Amino acid sequence: MSPAGGFIRQVGIFCHMAEQPVDVDPAGENIAGEAPAEEPEAVTDDTVVHDDNVELERTIGLVGGLAIGIGTMIGAGIFVFPGLAAANAGLAATLSFAIGGLIALLVALPTSELATAMPRSGGGYYFISRGMGTAYGAIVGLGLWLGLMFASAFYLVGLGHYASAVFAELNIGLPFSPVIGIGLLFGVALTALSIGGTENTAKLQNVVVGVLLVVLTGFLSYGVLDAVGVFGGGTVPEQFFSRGYFRVLTTAALVFTSYLGFAQVATVAGEIKQPSRNLPLAMVGSVLIVTVFYVVTIFVATSAFGAERLGEFGETAMVEVARDFLGLPGAVAILGAGLLATFSSANASILSASRAVYALSRDALLPRKASEVNLRYGTPHVALLSAGGPILVLVATGRVELLAEVASFLHLIMYGLMCIALLVLRRRNPEWYSPSYRVPGYPLVPVMGALASFGLIVFMQPASIGIGVVVMLASYLWYRYYAGDVTLKGDI
């Protein structure tokens, strides 16, 4: 039997192992005596209205959805990983990024189908809890919340480092390191901005991503033309697999953090306008656009210095590439773009982390207070504070790199389970499941997406896997303690 065939057979086991939430009403109470909120009474292209007259507005269009996906993904892949990836895999790091993009695409397609059937805030947590049961959903939802907080803190600390580097580049001496202070300042500002309304946040995200793409397109276009000899003498490509074949896969696991953003779009699905059209376009489009930028970036960077020297520059490699092409103005421009990228990634991650809290709270897996919506701005202000507060604590530590890797582990678990949830729902075929978009190549695409997601975890660092497993176990124990009697409903 082929691996894909064996995997499909295992899905049948999942169907029996998973709880049966799709055919029953919400039931049970958590330890505080709170029951899951009823599903929305009305779901339109403009709003999601709940029976308690709470209305979550749909204010994010296609451009905003693309901006959330691209803005979250394009930061680390462009400004942090090129030097590290080149040191690990040489020129073959371009293949590592392409593998990461392929895995992300294999997951984005099934996620698009799930999102059009269940366009609610919470993303992967909502899909898995409705498709596979409350326990699976609790592990993924709580893990997603924690993973997004760690990722947000990582981006904010990165923003502080880029700001510090800009001061150093301009010979502006400061009596103290501004890294943590700037990270905290922007963490507070972005949380407050999100409380003021997702429309404001989306508009800012659109502007930031637009400027970032213009700067990167100009820079990379110049770099490609220089590499092929239009501006300079051209470069002779080095041996493609100079570091061996195995390192291509370990590097793919390293850089996969760069592809977490497309799932952020599904996390705010409840606020996407015309979700049947915009959700698939935003998720698949952001993956394709960002993959092209990543591959071109590695090509340009290795063409400028070669993989060995590029690796010596570490996390600031792209600044040195820009300096080589355009001198000091180029270095400052890329530093500025790095600030925009880390700002954009933090902004999108804070927004998505709060929506995960909102969804968990409405399902009684967290205290109901966390799902309160501000009547003035139409945003879940308590959920935003529940995400923003811990993020600031993590930023203050300044040591979140390993925890950012854990975020990648937790997302890969979620991605694999989302693909399985799609297979389970297609097999059960409940009456309520009627997506407006269906994944092409079913069942091969979701099977490959699940296998690739789980398979990439094997190539991660043991410490990251260990911490991720602890987070999942703690999430399950919290569920058993706080909401073990809660049963969720799939009938939406």
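Residues numbered from 1 in each chain as written. Predicted model: local features only at pLDDT ≥ 70, side-chain atom pairs only at ≥ 80, totals over all residues. Heavy atoms only, no water.

Draft legend 1. Up close: the confidence of the model for the protein chain. For the protein chain, per-residue confidence averages 79 on the pLDDT scale, and residues scoring 70 or more make up 83% of the total. Model confidence for the protein chain, summarised as mean pLDDT per element, is weakest for helix 1 (residues 3-17) at 49 and strongest for helix 16 (residues 444-457) at 95. Between residues 13-25, whose pLDDT stays under 50, and residues either more than four places distant or in other chains, the model counts 38 contacts. Confidence drops under a pLDDT of 50 for residues 50-55, and excluding neighbours within four residues, the segment shows 16 contacts in the predicted structure. (pLDDT = per-residue confidence, 0-100. Helix = DSSP H or I, 4+ residues; strand = E, 2+ residues; numbered from the N terminus. Contact = heavy atoms within 4.5 Å.)

Draft legend 2. Spatial organisation of helix 14 (residues 381-397). The first and last C-alpha atoms of helix 14 sit 25 Å apart over 17 residues, in line with the 24 Å expected at 1.5 Å per residue. Residues of helix 14 that are buried include every one of Val-382, Ala-383, Leu-384, Ala-387, Gly-388, Ile-391, Leu-394 and Val-395, and no others. (Expected span 1.5 Å × (residues − 1). Buried < 20%, exposed > 50% of the residue type's maximum accessible area, 1.4 Å probe, protein only.)

Draft legend 3. Broad picture of the packing of aromatic side chains. Under the defined criterion, the tally for this structure stands at 13 aromatic pairs. On the numbers, 4.6 Å between centres and 45° between planes, the contact of Phe-241 with Tyr-245 is tilted. Judged by centre distance (6.2 Å) and plane angle (75°), the ring pair of Phe-256 and Tyr-415 falls under edge-to-face. Separated by 159 residues along the polypeptide, Phe-256 in the loop between helix 9 (246-255) and helix 10 (261-267) and Tyr-415 in helix 15 (residues 401-428) bring together distant segments of the chain. Per residue, the accessibility class of Phe-256 equals that of Tyr-415, and both read buried. Taken together, Phe-97, Phe-256, Tyr-259, Phe-262, Tyr-294 and Tyr-415 form an aromatic cluster joined through their ring pairs. Positioned over the ring face of Tyr-126 is Arg-130, at 4.0 Å from the centre of the ring. Positioned over the ring face of Tyr-442 is Arg-426, at 4.1 Å from the centre of the ring. (Phe/Tyr/Trp six-rings, centres within 6.5 Å; stacked < 30°, edge-to-face > 60°. Lys NZ or Arg CZ within 6 Å of the ring centre and 35° of its normal.)

Draft legend 4. A look at the side chain of Thr-94. Checked against the element boundaries, Thr-94 lands in helix 4 (residues 93-117). When its relative accessible area of 12% is taken as the criterion, Thr-94 is described as buried. Discounting residues that sit within four places of it in the chain, Thr-94 has contacts with Phe-240, Val-295, Ile-298 and Phe-299.

Draft legend 5. Highlighting the nonpolar core. Residues Phe-79, Met-118, Ile-128, Phe-256, Phe-262, Val-321 and Tyr-415 are the most contacted members of the largest nonpolar core, which totals 147 residues. Per-element accounting of this core gives the leading share, 22 residues, to helix 13 (residues 317-362). Every residue in contact with Val-321, bar those within four places of it in the chain, is listed here: Phe-219, Val-300, Ala-301, Ala-304, Phe-305 and Leu-310. (Core = buried A, V, L, I, M, F, W, Y, C linked by side-chain atoms within 4.5 Å.)

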